[in-house]
Amino acid sequence: MRKANVVNSIAEKTGIAKVDILVTLETFFKEVKSSLENGEPVYVRGFGSFILKKRAAKIGRNIKKNVSVEIPEHYIPAFKPAKEFMTAVKNSDAIPHETTDVGQED
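What counts, and where the lines are drawn
Residues numbered from 1 in each chain as written. Predicted model: local features only at pLDDT ≥ 70, side-chain atom pairs only at ≥ 80, totals over all residues. Heavy atoms only, no water. Patch = residues over 30% accessible without salt bridge, like charges linked within 9 Å, V, L, I, M, F, W, Y side chains within 5 Å. Areas by Shrake-Rupley, 256 points an atom, 1.4 Å probe, with all protein chains shown as cover. Salt bridge = Lys/Arg side-chain N within 4 Å of Asp/Glu carboxyl O. Lys, Arg positive; Asp, Glu negative; His and termini not counted. Charge placed at Lys NZ, Arg CZ, Asp CG, Glu CD. Helix = DSSP H or I, 4+ residues; strand = E, 2+ residues; numbered from the N terminus. Buried < 20%, exposed > 50% of the residue type's maximum accessible area, 1.4 Å probe, protein only. Expected span 1.5 Å × (residues − 1). Phe/Tyr/Trp six-rings, centres within 6.5 Å; stacked < 30°, edge-to-face > 60°.

A cluster of basic residues, Lys53, Arg55, Lys58 and Lys80, forms a positive patch at the surface. Among the secondary structure elements, Lys53 is positioned in strand 2 (residues 48-55). What makes Lys53 partly exposed here is its relative accessible area of 40%.

This next bit is on helix 1 (residues 3-14). The terminal C-alpha atoms of helix 1 lie 16 Å apart, and with 12 residues this matches the ideal 16 Å at 1.5 Å per residue to within 8%. Where helix 1 ends, the next residue or the one after it, Gly15, has phi of about 80°, a positive value.

Here the focus is the packing of aromatic side chains. Within this structure, the stated rule accounts for six aromatic pairs. When the centroid spacing of 6.1 Å and the interplanar angle of 55° are considered together, the rings of Phe28 and Phe29 count as tilted. Residues Phe50 and Phe79 carry aromatic rings whose centres are separated by 5.1 Å and whose planes lie at 50° to one another, so their mutual orientation is tilted. With Phe50 in strand 2 and Phe79 in strand 5 (residues 74-81), this residue pair connects regions lying 29 residues apart in the sequence.

In short, shape yes, function no, at least from these values alone.
Structure below.
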């Protein structure tokens with residue numbers, strides 16, 4: 001499901017204008033990004049947590065140049081689903097759809 005589909009679904013269920021929903025959704029995403037940039041996790045009870053995960057320093061390889069490269073310690077954003085969310089997905093009969101556009105932004 002893409003962002004437009006989410007907006008349409010919320011608009012149908014609530015009767016709120018699509019533009020207002022889109023602005024709210026975009027603002028939520030910006031707030032999550034901003035909080036993580038400042039090192040603050042975002043907790044949404046019953047849904048999950050947007051957190052930072054620490055990646056240890058390691059040695060990588062640049063295959064083209066055949067040299068070792070030191071990759072410094074860094075943090076990456078991650079999502080940790082709430083227990084209720086995990087249980088709901090686990091117990092659903094839904095079959096995941098095949099996606100070929102993983103990683104593309106809307």
